[in-house]
Amino acid sequence: MQVHDMENAGRTQTFLTARRAGLVACRGCGAVHAKGVGACRRCGGTLSSRDAGSLQRVWAWLFAGLIAYVPANLYPMLVTTTFGKTRESTIVGGVIELVEHGSWGVAAIVFAASVVIPIGKFITIAYLALSTRIPVTIRGHGRQRLYEIVEFIGRWSMIDVFVVAILSALVQLNFVVTVNPGIAAVSFALSVAFTMLSAQNVDPRLLWDAYEADDT
Amino acid sequence: MTEPGPSDLDVSVAKRSPWRNLSFVWAVPILALVVSLALAWQSFSQRGVLIEITFQNASGVTPGETTLRFRDVAIGTVEDVTFTPDLSRVLVRARVDKDVAPFLDAETEFWVVRPKVSARGITGLSTVLSGVFIEGAWDQEVGAPQWQFEGREEPPLVQPGRAGKRITLVTNDGNLISEGAPVFFHGIEVGRLERPRLTITSDSIVVDAFIEAPHDRRLNAATRFWDTSGFSVSLGGAGLKLDFDSLASVVAGGVAFDTIYEGGEAVSAGHVFNIYPDEAEARKSLFARSLADAVPIAVEFGESVSGLEPGAAVQYGGLAVGEVTAISAQVQDTEFGPEIRLMANLAIDPARLGLARGAGREEVLDFFEAAVAEGLRARLAAANLFSSALVVELVDLPDAAPASFDRTAEPLPVLPSEISDLPDFTATAEGMLERINQLPIEQLINQAISLMASVEALASSESAQAAPDAVVALLEDTRSLVNDEATRALPGDIRAAVAELRSVVTELKEGGTLKSLASALERADTIAANLETASAEFPALVDDLRAVAQKANSLEAEELMAAATRVLDSADRVIGTEAARDLPPALNAALDQVRATLSELRDGGAVENANATMASARDAADAVAKATEGLPELSARLERLVRQAEGLIAAYGHRSDFNDETISALREVRAAARSVSQLARAIERNPNSLLTGR
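Scoring rules and cut-offs
Residues numbered from 1 in each chain as written. Chains lettered and ligands numbered in written order. Predicted model: local features only at pLDDT ≥ 70, side-chain atom pairs only at ≥ 80, totals over all residues. Heavy atoms only, no water. Helix = DSSP H or I, 4+ residues; strand = E, 2+ residues; numbered from the N terminus. Buried < 20%, exposed > 50% of the residue type's maximum accessible area, 1.4 Å probe, protein only. Contact = heavy atoms within 4.5 Å. Areas by Shrake-Rupley, 256 points an atom, 1.4 Å probe, with all protein chains shown as cover. Axes fitted to C-alpha atoms, helices over the stretch in contact; angles between N-to-C directions. Left-handed = near helix turned anticlockwise from the far one by under 90°. Nonpolar A, V, L, I, M, F, W, Y, C, P; charged D, E, K, R; others polar. pLDDT = per-residue confidence, 0-100. Pairing = 2+ DSSP bridges. Polar contact = N/O pair within 3.5 Å; in protein donor to acceptor, adjacent residues only side chain to side chain. Buried area = accessible area lost by both parts, 1.4 Å probe. Salt bridge = Lys/Arg side-chain N within 4 Å of Asp/Glu carboxyl O.

Peer 1: Which parts of the structure should I look at to understand the overall build of chain B?
Peer 2: When helices and strands are tallied, chain B shows 17 helices and 26 strands. Counting the 694 residues in chain B, one finds 31% classified as buried. Contacts spanning at least 24 positions in sequence make up 67% of the contacts within chain B whose residues lie at least 6 apart. Here chain B has roughly 42400 Å² of accessible surface; of this, 56% comes from carbon and sulfur atoms.

Peer 1: For this particular structure, what's the right way to read the packing of helix α6 (residues 159-170) of chain A against helix α7 (residues 183-200) of chain A?
Peer 2: Each pair of packed helices gets described by two things: the angle between the helix axes and the distance between those axes. All names here are of chain A. Where α6 contacts α7, the axes come no closer than 9 Å and their chain directions differ by 145 degrees. The hand of the α6/α7 crossing is left-handed. Contact residues: α6 offers D160, V161 and V164, while α7 offers A185, F188 and A189. Along the lines of polarity and charge, the residues of the contact of α6 with α7 split into 5 nonpolar, no polar and 1 charged.

Peer 1: What is the right way to read the confidence of the model for chain B from this model?
Peer 2: Fine structural detail should not be taken from predicted coordinates in areas where pLDDT scores are low. Residues and elements named next belong to chain B. Here chain B averages 72 in pLDDT, while 59% of its residues score no lower than 70. No element of chain B has a lower mean pLDDT than helix α13 (residues 557-576), at 51, and none a higher one than strand β4 (residues 90-96), at 90. Confidence drops under a pLDDT of 50 for residues 574-584, and excluding neighbours within four residues, the segment shows 27 contacts in the predicted structure.

Peer 1: Explanation requested: the pairing of strand β19 (residues 272-276) of chain B in the structure shown.
Peer 2: Here is the key point about a regular strand: its side chains alternate between the two faces of the sheet. Note that strand β10 (residues 164-171) of chain B and β19(B) share 3 bridges and pair parallel. In the sheet register, V170(B) faces β19(B), and the bridge partner there is N274(B).

Peer 1: Got a minute to help me understand the pairing of strand β24 (residues 376-382) of chain B in this structure?
Peer 2: All names here are of chain B. Taken across its 7 residues, β24 has 6 buried, putting it largely inside the fold. The pairing of β24 with strand β25 (residues 390-396) spans 7 bridges and is antiparallel. In the sheet register, A381 faces β25, and the bridge partner there is V391.

Peer 1: I would appreciate a short explanation of the sheet that holds strand β3 (residues 73-83) of chain B in the present structure.
Peer 2: Residue and element names in this part refer to chain B. The 7 strands lie next to each other as β5-β8-β2-β3-β4-β1-β9, forming an open sheet whose pairing is mixed. The sheet terminates laterally at β5 (109-113) and β9 (148-150), the two strands that pair on one side only. Taking the axes of each pair of neighbouring strands and ignoring which way they run, one obtains an average angle of 30 degrees across the sheet. As paired elements, strand β1 (residues 49-55) and β4 share 7 bridges and run antiparallel to each other. In the sheet register, I53 faces β4, and the bridge partner there is V92.

Peer 1: I would appreciate a short explanation of helix α3 (residues 91-100) of chain A in the present structure.
Peer 2: N-cap assignment for α3(A): the residue whose side-chain oxygen lies 3.1 Å from the backbone N of G93(A) is T90(A). Backbone geometry just downstream of α3(A) places G102(A) in the positive-phi region, at approximately 90 degrees.

Peer 1: Which parts of the structure should I look at to understand the sheet that holds strand β4 (residues 85-89) of chain A?
Peer 2: Strand pairing within a sheet occurs via backbone hydrogen bonds; the two strands may be parallel or antiparallel. Residues and elements named next belong to chain A. One open sheet holds the 3 strands; their spatial order is β4-β3-β5, and the pairing between them is antiparallel. Of all the strands in the sheet, just β4 and β5 (177-181) have a single pairing partner and so form its edges. Across this sheet, the average inter-strand angle for adjacent strands is 15 degrees, counted without regard to direction. Pairing analysis gives 5 bridges linking strand β3 (residues 78-82) to β5, with the strands arranged antiparallel. Counted as the bridge partner of V79 is N180 from β5. Lying on the sheet, α6 is in contact with β3 and β5; it crosses β5 at an angle near 140 degrees.

Peer 1: Explain the interface of chain B and chain A here, please?
Peer 2: A common way to state how big an interface is: give the accessible area lost once the parts meet. With 21 residues of chain B at the contact, the number on the chain A side is 23 residues. Carbon and sulfur atoms supply 69% of the area buried between chain B and chain A, which totals about 1900 Å² over both sides. Viewed at the interface, chain A and chain B are joined by 0 salt bridges. For the side of chain B that touches chain A, the secondary-structure elements that each account for two or more residues are α2 (27-46) and α3 (127-130) of chain B. If one sorts the elements of the side of chain B that touches chain A by residue count, α2(B) sits on top with 8 residues. Class assignment of the residues belonging to the side of chain B that touches chain A gives a composition of 13 nonpolar, 6 polar and 2 charged.

The structure is reproduced here in C-alpha cells:
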C-alpha cells in the first residue's frame, strides 16, 4: 500500500528534466550543455534534446526487418543433400519436422528463437514506437522494461543463423551429406540485424517523456 | 510561491518540410522491399509450368523430391501426388522448366524410372540411392502445348523422335516373345518388340516392333519374320546341332527377318507381317505367299485320315496347289442311320492351279466342276516314304466311279474323293518285323556261341597251344634235314645212283651180259654138245653157269629198291623227329633251302640224268624184251640140254660124285632158267618195275 502510494506519489511528481532545465546532455559522454549548442564540446557528438528522427529510423529499420523476415520464412533455410537427394527446409518446416521426430525441446528452442522472438520484437518495437505518440497508459515502468528486454534478447535471434553457418561449414561430406545455407538464412540474418538496429534507434528519453505524459 | 527555476523554453520544433525530415534510413526498408519484390518476381517468372501426369501407380514418387528429367537432366520437380477424382489413377503434378515446357506435346511420354533387372541387363541402377525419378521423352519440335499426360508404366522401347519404322507382327504363339525382345537382321539387332497383345477377335497375338533407321529400309513386301527364341537341338546326319542366336534371345525371345525374294514392294509404317516358327518355314512361305486369296473347298474321305494334319499340302500332279486348313468329323443322317463323315477343308490357290490371275471363287469352282466330270478325285497319299504323314492328292482317275462336284454344299463345296491305294505302311512294317522275328537268330547265335566255345576250348587246350611249337619244330627239322650234309649230298647220291643205274642199264643195253649169257649158253650148248665128247670140261661149265645164275639173281634193281625204301624210311624218321623251334623264319629258311636244293638238283643234272636214265631204261627194257624173246628158246634149249645131260649122265650109269655134282648143277641151271623166265614175265607185266623196284 505504501509502495503503491509512493508510486502514485512519484507519478504525480514533476521531475526536473534536463529539457525543462534548458540543458542538453550529450548521449555520447554525458556532458551537459546549454540548449542551443549544436555539438558536444567534450566529445564532439551531436546534441539534441530529443532525437526527432529517432522514431523515423525505428520505423524504417523495423519495416526493413519485417520485409526481410518474409523471404526468411518462405525460402529454405537449409539445403541438405543426402545421397543425391536434396531436401530444402524452411524455418517453420524444420520446426514441424522436429516435432514429428519427437524432439520437442529442440523444436521449442528453434521455434522460440526463429519465430516467437523476432515476431515478438516486431510487435514490441512497434508498440513502443507507437506508445510515444499515441496516448496509451502503461503502468509503471513497463515501457522501459520492454525496451530492455528487446535490447537484450535481440542478439539471441541470431542463434539460427549461427547454427546454419556452422552446419554449412562443417557438414560438407560431398555425396553423402552436404548442407548449404538457403536464401532464408541471409534474409533471416538481415531481419534480425534490422530489428536490432531498430531497437537501438529508440530514444529512451522519448519513452520517459511518454511515461511522464501518462500522468497528465 | 514562485520558485526560481529555469524558464520554460519554447521547445516547439521548427516546422520542416516533411520530406526534408525523412531519414535516410528509410532507404533500407525500401531497398529490402525492392530486393524482396525482385526476388519474388524472379522466382515467379522463373516458375515452371505445372503439368499433370497420371500413373497406374506412383511408387517412390515423393512431392518436392522426385525430379522430372529429360535426357537425365533434371527439368522439374514433383510438387504434388494425389489421385484422380475417381481414384483410378495417381495424379502427379510437377513443375517443368519454362524453356522445356513448349516441347511438351501429344508425343510426349513420361514414365517412372525404377531399378529393373531383365535379360538385357540392369537399368535404373542409380535410382537405388537417389530414389526414383520421372523420365520424359519428346521430340525436338515444338508442338501444340499440352499439360495433361498419361504416364507409361514401362519405359517406351522407342523414344519419341527416333527415326525408324513401326510395324506390326502377327503370330499364333506368344510363348517365346516378350516385350523388349530384340529384332535381328542377319544377327544384328536392329529393333525391338513391344508388348505382345492378344487380338480381341481371334487367337493370334499381335506385337508391334520398331525397326530403327536406316534398317527400316530393308522392310518390304518380301520380308519374312521368324522366331529365333530359345534354341533348337537337332540330331541329323551331320551330328548333333545346337542352334541359338543370342543369349538374350534365348531368355527373352526374339525375331529375325530377311528379304527372301527380290523385288518386294516397299511397305509403309504399320504394315502387318507374320512371324514364322523358324527360318526354314519363313523361306518356304515364299511358295505360300499367295494363299491369302485361296478358295476354300471341302473333301469327304471314306477312310481314316490318320496322319493328315492341317497345313498338309494339297498336290496336283506333284505341285502344291493349296493346303489343308482343317479336319473335322461330321455326323450325317443317311438311310442307314447317322454316319460319321471325315471332312478335310482345303484352301486352293487359284494361281497355282494355272487359272488366270485374278481368278476368283467362281472360276475355281467351275474348274473343279469340269475336272471332276472328267475324273478328278481327291485322295490321300503318303507325304514321303518314311513318315505316316499324309497329303491330299488331286488325281485324274478317268475310270473312277462317276461323281459330281457338289458346289452348292454347305458350308463348303465338296470334292469327291477316292479310296487311296495307300500301302498300309504300318502293316508292311509289321510284316517285315515279323519276318525278321522269324529268322532263326537264336539258333544261329546258339551255334555261334557253341562254335566259339569249341574254338575257345581248342585254343585253350595245351595241345593247340603246343601246335605252333610242333610246327616250328617240324620246320626246324626240315631245315636241319635240308641243311644236313647227307641231304645235301643226296642229289649227288641220287646222281650217282642214277649214273650207276644208267651204267647198269647201259650194260644191260649193251647186252653184254645177255649176249655173253647167250653166247655162254651157246657155248654151253656147244659145250654140252661137246660134253658127249669132252665131259672133262663140265665142272668149269657148271661153275660158269652158277656164276651166271647168281649174277642174274642179284640184279642191282633190288638193291636200288631197298635203298629207295630206306631213303623213304629215313625221310619219315627225319620228319618224325621231335625238336622244333622258330616256325616262321624256319619255314622261310626251309623253303629257301628246299628251293636251293631243288635248283642244285636241277643244276646237278639229276633230272637230265634221270631222263637219260629213263630213256636208257626204256632202251634197256626194249633190249630186255628182245632178249626175253630169246629166253623161252634159251630155257627150252636149257631143258633140252638138261635132258641131254641127264641122258648123258644116265648113259654114264654110275651114281658117282660127278653124277651128283652134275645133277645139282643141272638143277641150278633149271632154277636159273626159271628165274630168267620169271624175270621175263615180270618185265613183260610191268617194265617200270625195273626202275621203281616194285
